[in-house]
Amino acid sequence: VYLHRVEPGETLADIAGEFYDNPSMANIIGEFNDVNDEDLKDGMVLRVPLTNEDVERLDMKVRAREPYNAGLELAEQGAYVDAVQQFNAGALLQ
């Protein structure tokens, strides 16, 4: 189970899309927490049930974003050539 803090304007379908890559699985999160979209409040914490497969897929997503995030940090520091290299490294991983 993962704890997720609801962001402004977020729906159960948004959350299901993020965690399951399938917005139509929103009912799983809703039923698990006994809520529907009308019940969601900014900052509310929901429990998102995850299988081992879900956790592995999410971990792969996080790892795939690491070069991109590192590239953004370099670009913010003005190291544009290094940033482009990081972005290219991320593209090669996908």
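What comes next concerns the included structure. None of these values were measured; they are calculated from a predicted model. (Residues numbered from 1 in each chain as written. Predicted model: local features only at pLDDT ≥ 70, side-chain atom pairs only at ≥ 80, totals over all residues. Heavy atoms only, no water.)

1. Considerations on the overall build of the chain
For clarity, the threshold we go by: Numbering goes from the N terminus for both helices and strands, where a helix is a DSSP run of H or I of at least four residues and a strand is a run of E of at least two. For a compact globule the rule gives 2.2 Å times the number of residues to the power 0.38, and the radius of gyration it is set against comes from C-alpha atoms.
From N to C terminus, the chain includes four helices and two strands. Reading the chain from its N terminus to its C terminus gives the helix and strand order β-α-α-β-α-α. What you see for the chain is a C-alpha radius of gyration of 17 Å, clearly larger than the 12 Å of a compact globule of 94 residues, by over 25%. Its C-alpha atoms give the chain principal-axis dimensions of roughly 50 × 30 × 20 Å.

2. A closer look at the environment of N88
When you line up the elements, N88 lands in helix α4 (residues 80-93). Sequence spacing of N88 and Y68 is 20 residues, and the spatial spacing of their C-alpha atoms is 8.5 Å.

3. Side note on the environment of D14
The condition that has to hold: We call a residue buried when its accessible area falls under 20% of the maximum for its residue type, exposed when it is over 50%, and partly exposed in between, using a 1.4 Å probe and counting protein chains only.
Considering the arrangement of structural elements, one finds D14 in helix α1 (residues 12-20). Given a relative accessible area of 41%, D14 falls into the partly exposed group. Considering only alpha carbons, one finds D14 and M25, 11 residues apart in sequence, at a separation of 9.9 Å.

4. Focus: the pairing of strand β2 (residues 45-48)
Going by this rule: For two strands to be treated as a pair, DSSP must find no fewer than two bridges joining them.
What you see with β2 is a clean split: L46 and V48 sit on the buried side and V45 and R47 on the side with no burial. Here strand β1 (residues 2-5) runs beside β2; their pairing, made up of four bridges, is antiparallel. Pairing of Y2 across the sheet is with V48, part of β2.

5. Observations regarding α1
Since the α-helix turns once every 3.6 residues, residues separated by three or four places project in the same direction. Selection rule: Each C-beta atom gives one direction from the helix axis, and the arc is the one those directions make. What makes two residues a contact is simply this: any of their non-hydrogen atoms within 4.5 Å.
Here α1 has its buried residues at L12, I15, A16, F19 and Y20. The buried residues of α1 occupy an angular sector of 100° when the element is viewed end-on, so they sit on one face. Structurally, α1 contributes buried residues whose contacts are with β1, α2 (26-33), β2 and α3 (52-76). Directly after α1, the chain includes D21, whose backbone phi takes a positive value near 55°.

6. Quick word on unusual backbone geometry
Peptide bonds are mostly trans, and most non-glycine residues show a negative phi. You will see that D21, though not glycine, has its phi angle at about 55°, which is positive. Position of D21 relative to the elements: it lies in the loop between α1 and α2. The backbone of D34 shows a phi angle near 55°, a positive value even though the residue is not glycine. Its location among the elements puts D34 in the loop between α2 and β2. Residue classification places D34 among the exposed residues on the basis of a relative accessible area of 69%.

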